[in-house]
Structure formats: structure tokens, C-alpha cells
Amino acid sequence: MSKAIIVSEYGSSEVLSHQERDIREPSANEIRIRNTAIGVNYHDVYVRSGLYKTLTLPGIPGCEASGIVEKIGDNVQGFAIGERVTFCTREYGAYATHINISHDKVIKIPYFLSDELVATNFLRAMTVEMLMNRITLVDSSKTILVTAASGGVGRLLCQWATAMDVKVIGSVGSQEKIEDTKLNGCIETFVSSDEKFSNKVLDVTNGKGVDIVFDSVGNDTFESSLSSLAHCGYLINFGQSSGPVQPVLMSTLAEKSLSISRPILFHYFGNRKNYENMAASVFKAFEDEIIKVSEFTPFDLKNASNAHDTLESRKGGGSIYLVP
Ligand SMILES: NC(=O)c1ccc[n+]([C@@H]2O[C@H](COP(=O)([O-])OP(=O)(O)OC[C@H]3O[C@@H](n4cnc5c(N)ncnc54)[C@H](OP(=O)(O)O)[C@@H]3O)[C@@H](O)[C@H]2O)c1
């Protein structure tokens, strides 16, 4: 018998229901993992609320967890019972004590990383790897703007970019988060709701604007992100924590020859080799302390609704995980 969080209808965090369920044997290509720490991401909030209709209801949400290999399907090679592993999946099912998952999603956790760190920050760090290496050239000649710079993805992105000698400007939702962004490498940080926000960004870039904006806030920051860009600048919108972005006219981009992209991590995994390469790059970045995380906030699996409430109250910062 296993326990899981089931979503039967879209809605507020109260629809996350803790239930017992039978779990079948793993198929020939699957591994059964006993989860030890389950990551909580904004994606899970979109799935729960119905903004993304990508989970078949009733269903178990959750895209990532750390755990122990408990059973191995007949066709699976290269894994052993008892090994510490993690996974990222868009097929969901992580909010549970156990999961049967295709072996090609499973990655071994290196000895130097804890289950908590991987559960809270593997998917986020993979996102940063994608943003830094796979969309447009980010190098030391560039000045970038990172919105939600003290959020979970934001802080890793600031750290990674700073380590590459990129000049990083941050934006946050409130004054008290500014100090944290300085610790993560931002040379300047502004509150995103400040009506002079874009002017301040222009001031600190000698009137030029930034080369790239990494915007995960979406609706509330999109316009100021566009205004903060230099000529031929690149807006990478990878999230919508404040709501979806409204349609954009091509003529708006023509004003400064701007480019926009809207990347989704799962599309960048491609084949198993690529997924492994991205994971290796992330683990190396943790080992070399290019990226660092130190705070973890556990919630009992049965209290997943509290975990979602905390995330939605802007207090996540890549720390929240569920304990099965
Ligand atoms: N494209 C992809 O493949 C991909 C992958 C991973 C994550 N994401 C997206 O990236 C975004 C950030 O993820 P994360 O893990 O860094 O989340 P997080 O740790 O919870 O941080 C989100 C931050 O967004 C800001 N925010 C602004 N308006 C908000 C609102 N109305 N409600 C809540 N937060 C708001 C808050 O910072 P302030 O208080 O400073 O404004 C908050 O701390 C999410 O939208 C997520 O879905 C996308």
C-alpha cells in the first residue's frame, strides 16, 4: 500500500487530498522508487489550479523527487536496489510515497548532494542550465536582468551568471528581499513595482539597457522587462508567477529589434544523453559551488496544501519539499 496526494478537481490548495492507494508492480522498463523528499514547484500549482490541464484527473501531481530504488523492471539495466536516485517528469506522480517511473527519467544522485537539496533544486537548477547554455549566448560581455531574483530559480540563475562574470541586475517584489539578491551576486536590485523601474535599469547601464532579461514573473513584469532591454536585446520569459503574459504585437519588438522566447525545460531534455549531460552539468555546478542552496523547509506529504500556500505567498525560494 502506498500513500499519495490526489487531485480530483481543479481549485485552491484544498483540492490536494491525501489518500491510500494500491501500487502495481513496475513494468519491464520501469523502476519503483520509494520517495524520500518530494520537490514542490510552481508547475504543481498551475496543474492543481487548472491553468495547465496536463494532469489527467483524478491524478497525482508532482514532477520531481529524490528516493531509493526499491524494485527494477526486467528490461532495466544500470541501476541497483538501494541506490539513491532522482527524476524530473512531466508525466507527474511524484506526490506519493512510491512511484513507478520509466528508467530513462531516473538519474543517480551523486554522493556529495543530499536528498533534500536535489528534491528542492534539481528541476530548478536544470532550468538554469537551460537558460544559461541552451537559448542564447550568455557570456561576460553581457548585462542581464533577472526578475524574482530571490526566488528559487532566480537565485540560482544570479549565482551561475555571476560565476561566469556576467553583470546581473535583479528585480524583486519587495524591499526586504534586496539584501538576499546582493548575496547571490546582483550588482543592483530594484523593486519591480517601482514606476521608475525601467529608468533605473537604464541609469545603471549608461542609458543602454540590458542585453537579456530572464523573466519568470510574467504578467506583472513583462512590460518593464521589454522597456529595460537594449537594442537587439533578448527577452526570455520562462514563467508566469503573477499570471500569463498578454499577446504581444510584432511591431512592439520591431521598435528595438528585440527577440522573445518562451522555453519549457522538458522540451530541452530531448534524448537520454542530453538529459544526462544537463544533469551532469548541474551536479558539477553544485560540486564547484557555482550554485549553492542551504535552506530547506519540509512539510509532511499529507500537508501538501500548506506547502502550496507557502509557495503561493512568495516564500518558497527553492526550499520547500514534502516528506512522505
Ligand atoms: N519554463 C520552465 O521550464 C520553468 C522551469 C522551472 C520554473 N519555471 C517557472 O519559473 C517561475 C519561478 O519558479 P521558482 O521555482 O523560482 O518559484 P519560487 O521560488 O516560488 O519564486 C517565485 C517568485 O515569483 C515572484 N512573484 C511575483 N509575483 C508573484 C505572485 N503573484 N505570486 C507568487 N510569486 C510571485 C515572487 O518573488 P518576489 O516576491 O520577489 O516578486 C516569488 O518568490 C515559476 O513561474 C515557474 O513555473 C519555469
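In this text, all values refer to a predicted model and were calculated from it rather than measured experimentally.

Trainee: Honestly, the state of the cysteines in this entry has me stumped. Any pointers?
Mentor: Here a disulfide denotes a covalent bond joining the sulfur atom of one cysteine to the sulfur atom of another. According to the stated counting rule, one finds zero disulfides in the structure shown. Summary of cysteine pairing: Cys-63 is not part of a disulfide, and the nearest cysteine sulfur, belonging to Cys-88, is at 7.8 Å. Owing to a relative accessible area of 1%, Cys-63 belongs among the buried residues under this scheme.

Trainee: I tried to follow the packing of helix 2 (residues 115–133) against helix 3 (residues 152–163) on my own but got confused; where do I start?
Mentor: Any two packed helices are characterised by the angle at which their axes cross and by the distance between the axes. Remark: helix 2 packs on helix 3, axes separated minimally by 9 Å, with the N-to-C direction vectors making an angle of 50°. What the angle tells us is that helix 2 and helix 3 run oblique. For the pair helix 2 and helix 3, the sense of crossing is right-handed. In this structure, helix 2 contributes Asn-121, Arg-124, Ala-125, Thr-127, Val-128, Glu-129, Leu-131, Met-132 and Asn-133 to the contact, and helix 3 contributes Gly-152, Val-153, Leu-156, Leu-157, Trp-160 and Ala-161.

Trainee: Explain the pattern of salt bridges to me, please; I cannot follow it from the model alone.
Mentor: Pairs can form between side chains of opposite charge once their charged atoms are near each other. Summed over all chains, the structure comprises 19 salt bridges. For the salt bridge of Glu-129 with Arg-134, the shortest nitrogen-to-oxygen distance reads 2.6 Å. Residue class for Glu-129 comes out buried when judged on its relative accessible area of 2%. Judged by relative accessible area, Arg-134 falls into the partly exposed class, the value being 27%. The salt bridge partner of Glu-276 is Lys-273, with a shortest N-O separation of 3.8 Å. Here Lys-273 and Glu-276 lie together in helix 9 (residues 272–287), a separation of three residues that amounts to about one turn. One continuous salt-bridge network, built from bridges that share partners, spans Glu-25, Arg-32, Arg-34, Glu-70 and Lys-71.

Trainee: What is the right way to read the site of the ligand from this model?
Mentor: Close to the ligand lie 28 residues, the nearest being Arg-124, Gly-152, Val-153, Lys-177 and Leu-265. Here Val-153 contributes a backbone N or O atom positioned 2.7 Å from an oxygen atom of the ligand. One nitrogen or oxygen atom from the side chain of Lys-177 is found 2.7 Å from an oxygen atom belonging to the ligand. Notes on the ligand: free accessible area 920 Å², of which the protein chains cover 91%. Contributions of two or more residues to the shell around the ligand are made by helix 1 (42–49), helix 2, helix 3 and helix 10 (304–312). Considering only residue class, the shell around the ligand consists of 12 nonpolar, 11 polar and five charged. Here the shell around the ligand gathers at least three residues from each of two domains, domain 1 (2–124 + 269–323) and domain 2 (135–262).

Trainee: Mind showing me how you'd approach the packing of aromatic side chains here?
Mentor: Here the distance between the centres and the angle between the planes together describe a pair of aromatic rings. Going through the model one piece at a time under the given rule, you end up with seven aromatic pairs. When the centroid spacing of 6.2 Å and the interplanar angle of 90° are considered together, the rings of Phe-190 and Phe-197 count as edge-to-face. Residue Phe-190 is classed as buried on the basis of its relative accessible area of 11%. Consider the rings of Phe-266 and Phe-269, whose centres lie 5.6 Å apart with planes at 80°: the pair is edge-to-face. Separated by three residues within a single helix, Phe-266 and Phe-269 lie in helix 8 (residues 265–269), roughly one turn from each other. Phe-266 sits in the buried class, given a relative accessible area of 17%. Members of the aromatic cluster, each reached through a chain of ring pairs, are Tyr-42, Tyr-46 and Tyr-52. The side chain of Lys-53 reaches across the aromatic face of Tyr-10, ending 5.1 Å from its centre. Above the face of the Phe-79 ring, Lys-108 is positioned so that its terminal group lies 5.4 Å from the ring centre.

Trainee: Got a minute to help me understand the nonpolar core in this structure?
Mentor: As a rule of thumb, nonpolar side chains are buried together in soluble globular proteins. If you look at the biggest cluster of nonpolar residues, it comprises 81 residues, and the most contacted ones within it are Tyr-95, Phe-122, Met-126, Leu-131, Ile-144, Phe-214 and Leu-322. In terms of residues, this core owes the most to one element, helix 2, which gives 10 residues. Looking at which domains feed residues into this core, each of domain 1 (2–124 + 269–323) and domain 2 (135–262) supplies at least three. Non-local contacts of Met-126, meaning those with residues more than four positions away in its chain, are made with Leu-265, Phe-269, Tyr-275, Met-278, Ala-279 and Val-282. Of all hydrophobic cores here, the second largest spans 13 residues; its members include Ile-169, Leu-226, Leu-235 and Leu-253.

Cut-offs used in this document
- Numbers given for residues are sequential positions, taken from 1 along each chain in its written order.
- Residue-level local features of this predicted model are given only where pLDDT is at least 70; pairs of side-chain atoms are given and counted only at 80 or more, and the full residue set underlies all totals for whole chains, interfaces and linings.
- Each side-chain value is worked out from all heavy atoms of the structure, with water and hydrogens disregarded.
- Only a pair of cysteine sulfur atoms within 2.5 Å qualifies as a disulfide here.
- Between buried and exposed lies partly exposed: a residue is buried under 20% and exposed over 50% of the maximum accessible area for its type, with that area taken using a 1.4 Å probe on protein chains only.
- Geometry is summarised by axes, namely lines fitted to C-alpha atoms with helices restricted to the contacting stretch, and by angles between N-to-C directions that run from 0 to 180 degrees.
- Where helices and strands are cited, they refer to DSSP runs of H or I of at least four residues and of E of at least two residues respectively, numbered from the N terminus.
- Here the angle decides the label: under 35 degrees means roughly parallel, over 145 means roughly antiparallel, 65 to 115 means roughly perpendicular, and every other value means oblique.
- By definition, turning the near helix anticlockwise from the far helix through less than a right angle yields a left-handed crossing, and turning it clockwise yields a right-handed one.
- Contact criterion: two residues are considered in contact whenever any of their non-hydrogen atoms come within 4.5 Å of each other.
- Salt bridge, as used here, is a side-chain nitrogen of Lys or Arg placed within 4 Å of a carboxyl oxygen of Asp or Glu.
- Distances are taken per atom, and a residue is near a molecule or strand as soon as one of its heavy atoms is within 4 Å of it.
- Polar contacts here mean pairs of N or O atoms no more than 3.5 Å apart (in protein, one a potential hydrogen donor and the other a potential acceptor; neighbouring residues in sequence count only if both atoms are side-chain atoms).
- Areas reported here follow the Shrake-Rupley algorithm with a probe of radius 1.4 Å; residue values treat only the protein chains shown as occluding.
- Throughout, the ten residues Ala, Val, Leu, Ile, Met, Phe, Trp, Tyr, Cys and Pro are labelled nonpolar, Asp, Glu, Lys and Arg are labelled charged, and all others, Gly among them, are labelled polar.
- An automatic or database domain assignment supplies the residue ranges for each domain.
- Put simply, two rings from Phe, Tyr or Trp (the six-membered ring, in Trp's case) pair if the centres are within 6.5 Å, and we call them stacked under 30 degrees between planes, edge-to-face over 60, tilted for the rest.
- In this scheme, the term charge over a ring applies when either NZ of a lysine or CZ of an arginine sits within 6 Å of the ring centre and within 35 degrees of the ring normal.
- Here, the term nonpolar core denotes a set of buried Ala, Val, Leu, Ile, Met, Phe, Trp, Tyr and Cys residues that are joined through side-chain atoms within 4.5 Å.

Function-wise, these values are silent; they only describe arrangement.
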